[in-house]
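# Architecture at a glance
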Amino acid sequence: MPRAIPDNPVGAPAAASGALETRDMLLNVGPAHPAMHGIIRIVARLDGEQIVNADVEIGYLHRGFEKMSETVDYNGVIPYTDRLNYVSPLINNVGYSMAVEKLLGISVPERCHYIRVIVSEISRITDHLTCVGASAMELGAFTVFLYMIKAREYLWELVESVTGARLTVSYCRVGGVKADLPEGFANQCRQAFEETRRVLAESDALLTRNRIFVDRMSGTGKISADDAISYGITGPFLRASGVPYDVRKDCPYASYDRLEFDVPVGTRGDNFDRYLVRMEEMQQSMRIVEQALRDMPPGPFQVNPQTGCPLPASEMVDQAKVGNIPAIRDAYAVTDPTLDGSAKPLRVSIATAEKRVFLPSKEDTYGNIEGLMQHFKLVMYGHGTRPPKGEVYFAVEGANGELGFYVVSDGGNTPYRVRVRPPCFAIMSALPKLIIGDMMADLTPTFGSINMIGGELDR
Amino acid sequence: MIDLAVKVVLALFVFFGVLNLAALHTWLERKQSAVIQDRVGANRASILGWRLMGLFHPLADSIKMFTKEDIVPAGADRILHTLAPVFSVFFALVTFAAIPFGDRFLLGGRVIELQVAKINVALLYIFAMLSLEVYGVILAGFASRNNYALLGGLRATAQMISYEIALGIAVVGVIMIYGTMDLQELVRGQGQNLAGWIPLWGIVVQPVAFVVFLTAALAETKRIPFDLPEGESEIIGYFVEYSGMKFGMFFLADFLETILVACLATTLFFGGWQVPYLTSSGFQFPWGATLPVSQPAYVLLGVVSFSIKVVIFCVLFMQLRWTLPRFRYDQLMRLGWLGLFPIAVVNVLVTASALAFLKR
């Protein structure tokens, strides 16, 4: 639906101040435009190079996430949340799971909290790397982008080793996480961070004191703290304007209250401050992960082979199917730790013991009647997780700002309503304000600093 | 008749040499950016399994460009739309005629200057051609009937005109020192040595002019950090409505311009075909040693020296292109008019006073 832009219609002569008659140019930026990643459309009215008016049109990536969520059970929503902010899907996973847990009133083991913090922070780094890298690329510094994507690759390898996937992770569950961290994760993490730090230092050297970059970024896309708050902007964008609001500090969730980290704050609220805030946040995130790995309560990564009888999971399942229970009573299944059905002791450290929400381990399902019943009660049609009637809002600090999930339950096994508060929606509503008065060339860095993610904006 | 034949041979040599260098430039761009960015770079194109580090990619590119559909947007001016890329390439190519790439040599009693056209105001000719080349870009912007292309054309016009002035004034200092506008003579003038050791190249006597010239010349090539007319992520560029070989010609013109600027920088500031301490009779080192060199070898060394210098400049430009971000329009204008222009003017004044003082 093309909305009419106020001011003078296309082609009509603008107020001619001099002898020459001038006309504004109507420029349609997007939806197919190299800088409009995530697909949006901006209809800009240009006076020479200056943007005098702009109309932002969103909605090209609407997939009906919220409606879709009402049709599946509570755990079934998790794969959909992967596709909200697809640059940091783990944070969405965590946010949604914690919202439903709040609704159910259950708590998860400490180790699970720490794991969630670790994966969230790794995701935050990947998100910021993408954002800063893409902004730099749009200013012509293509090399920085590839450096940052290289660093992101190391981190995605970490994510892959934990979740088994790079993007569609579906790692969290209501009441826990899918699987524990793999063996040797701390070591792997240290190496990846070493590489990431190197890349960040390189990029910092290429950008932070680069006169062209600083000139392009500072003073453009400015927003004051008051304006940012009134638009409902959160996250790095708000912090760059000088407001130290961070969900992790102001209403800590998971184990953030036990971890030490700083919240970087800007002063001018322009693109350059946003860049600096993001660069610093990546360092802080690495600090958080390192602390979390150190403080995390130990989990039994693997049962001592001497105390039990190792049995391949497939064989155990076969034995159980033919009722040969005594043979597998003392056995534990040998599976990939990232797959469901890992050893029983491993589960208690990463998932709640609540039978209402979490599937039992496979050896329980196949090994005893309680496990089987718990399994069926959760998976059979008409059963499943049934939170009490009520509604809950839970927010986590997404990479772009406050990522909130508002979940309403009518007591059934599917959510009555799931509403997402996507952080970049608020920022996008302020985009016209940010770009009007700037030049056409400033549109790209400003839009880049918003880090608009179509998946979460349009849902 | 023989004179004509010699000229044709020289022209063909320069023409194909430059075109090949431009093709190699695409390869260089791919490989060098790959090295900078921790990548392998283009290496897929092969003939009978031979890949030669991706050297066949320029060939594959040209085949692709020639076989693609040529689209002229509805409402565009057909003639100007077609003429624009031709303008760009033509004027970029003819400029090379005035560049001397070697000393004169004797062949069958004939003196042959290694220069396609011996013009006594070669610098003026080059600047004239450079100015005309802008028309290709402007026409592309205006004839495409596309707002993005129009913006690109506008930016290109402003940028080229502003920087050409700084470029021209920067060169004035060099002209004053060597007292000639004939590039061949200018290069010969750079053959002396300062205090016996330092070659009296343009950069030694005019370092400020060199910096101004290099900056302005980079702006002329329309490449990052001065790629505003293209500004891919902002306005896509003046060639947004071009496809196939017409687009390829703009691309080619860009590479030709880069090479041209490298040639000019070499000729004006790095002694052109001069080899340090090499005179037509052989090497005469400042520590007294001499090494006789035959006449053909002397000329050949000159051509090699010229080519090496040009390639070094190309590599330098490439390095800048893959390191720096892009300027904004107003910042570019400020740099041109408030930075380079005054510096160039002051440089001319200082040079003039110094020359007047020394002559007295």
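Residues numbered from 1 in each chain as written. Chains lettered and ligands numbered in written order. Predicted model: local features only at pLDDT ≥ 70, side-chain atom pairs only at ≥ 80, totals over all residues.

As a further point, take the overall build of chain B. A count of helical and extended segments in chain B gives 12 helices and 7 strands. Taking the principal axes of the C-alpha coordinates as reference, chain B spans close to 65 × 55 × 50 Å. Put simply, chain B has 360 residues, and 45% of those count as buried. Here the analysis covers contacts within chain B between residues at least 6 apart in sequence; of these, 77% occur between residues at least 24 apart. (Helix = DSSP H or I, 4+ residues; strand = E, 2+ residues; numbered from the N terminus. Buried ≥ 20, exposed ≤ 12 C-beta atoms within 10 Å, placed from the backbone. Contact = placed C-beta atoms within 7 Å.)

Taken residue by residue, the interface counts 23 residues in chain B and 24 residues in chain A. Looking at the side of chain B that touches chain A, the elements that each hand over two or more residues are α9 (232–235) and α12 (329–359) of chain B. The class makeup of the residues in the side of chain B that touches chain A is 10 nonpolar, 6 polar and 7 charged. (Nonpolar A, V, L, I, M, F, W, Y, C, P; charged D, E, K, R; others polar.)

This next bit is on the confidence of the model for chain A. All names here are of chain A. For chain A, per-residue confidence averages 82 on the pLDDT scale, and residues scoring 70 or more make up 88% of the total. Contacts for the low-pLDDT stretch residues 301–306, under 50 throughout, to residues beyond four places or in other chains number 8 contacts. pLDDT under 50 marks residues 338–343. Its contacts with residues more than four places away, or in other chains, come to 21 contacts. (pLDDT = per-residue confidence, 0-100.)

Residue and element names in this part refer to chain A. Pairing within the open sheet is antiparallel, and its 3 strands lie in the order β1-β2-β3. Of all the strands in the sheet, just β1 (25–29) and β3 (50–57) have a single pairing partner and so form its edges. Within this sheet the neighbouring strands show an average axis-to-axis angle of 20 degrees, counted without direction. Across 5 bridges, β1 lies against strand β2 (residues 41–47) in antiparallel orientation. By the bridge assignment, Asn 28 is partnered in β2 with Val 43. (Pairing = 2+ DSSP bridges. Axes fitted to C-alpha atoms, helices over the stretch in contact; angles between N-to-C directions.)

All names here are of chain B. The N-to-C vectors of helix α3 (residues 78–95) and helix α4 (residues 122–143) enclose an angle of 160 degrees; their axes lie 8 Å apart at closest approach. Compared by their axis directions, α3 and α4 come out roughly antiparallel. α3 and α4 meet at a crossing whose hand is left-handed. Taking contact as the criterion, the partners of Leu 80, His 81, Leu 83, Ala 84, Pro 85, Phe 87, Ser 88, Phe 91, Ala 92, Val 94 and Thr 95 in α3 are, on α4, Ile 126, Met 129, Leu 130, Leu 132, Glu 133, Tyr 135, Gly 136, Val 137, Leu 139, Ala 140 and Ala 143. Classifying every residue of the contact of α3 with α4 by side-chain character gives 17 nonpolar, 4 polar and 1 charged. (Parallel < 35°, antiparallel > 145°, perpendicular 65-115°, else oblique. Left-handed = near helix turned anticlockwise from the far one by under 90°.)

Glycine aside, residues mostly have negative phi, and peptide bonds are mostly found in the trans state. A positive phi angle, close to 55 degrees, is found at Asn451(A), a residue other than glycine. Tracing the backbone shows Asn451(A) in the loop between α19 (443–450) and α20 (454–458). With phi around 60 degrees, Lys222(B) is a residue other than glycine that occupies positive phi space. Looking at where Lys222(B) falls in the secondary structure, it is placed in the loop between α8 (207–220) and α9.

Quick look at the packing of helix α11 (residues 271–295) of chain A against α19(A) now. All names here are of chain A. Contact pair α11 / α19: the axes reach a minimum separation of 10 Å and the direction vectors enclose 35 degrees. Crossing handedness for the pair α11 and α19: left-handed. Residue-level contacts link Asn 271, Arg 274 and Tyr 275 of α11 to Pro 445, Thr 446 and Ser 449 of α19. Residue classes in the contact of α11 with α19 are distributed as 2 nonpolar, 3 polar and 1 charged.

Before going further, it helps to spend a moment on the sheet that holds strand β6 (residues 282–284) of chain B. All names here are of chain B. Ordered by their spatial adjacency, 3 strands build an open sheet running β5-β6-β7, and the pairing between neighbours is antiparallel. The outermost strands of the open sheet, each flanked by one partner alone, are β5 (278–279) and β7 (290–292). Alignment of β5 against β6, held across 2 bridges, turns out to be antiparallel. Considered in β6, the bridge of Thr 279 is made with Gly 282.

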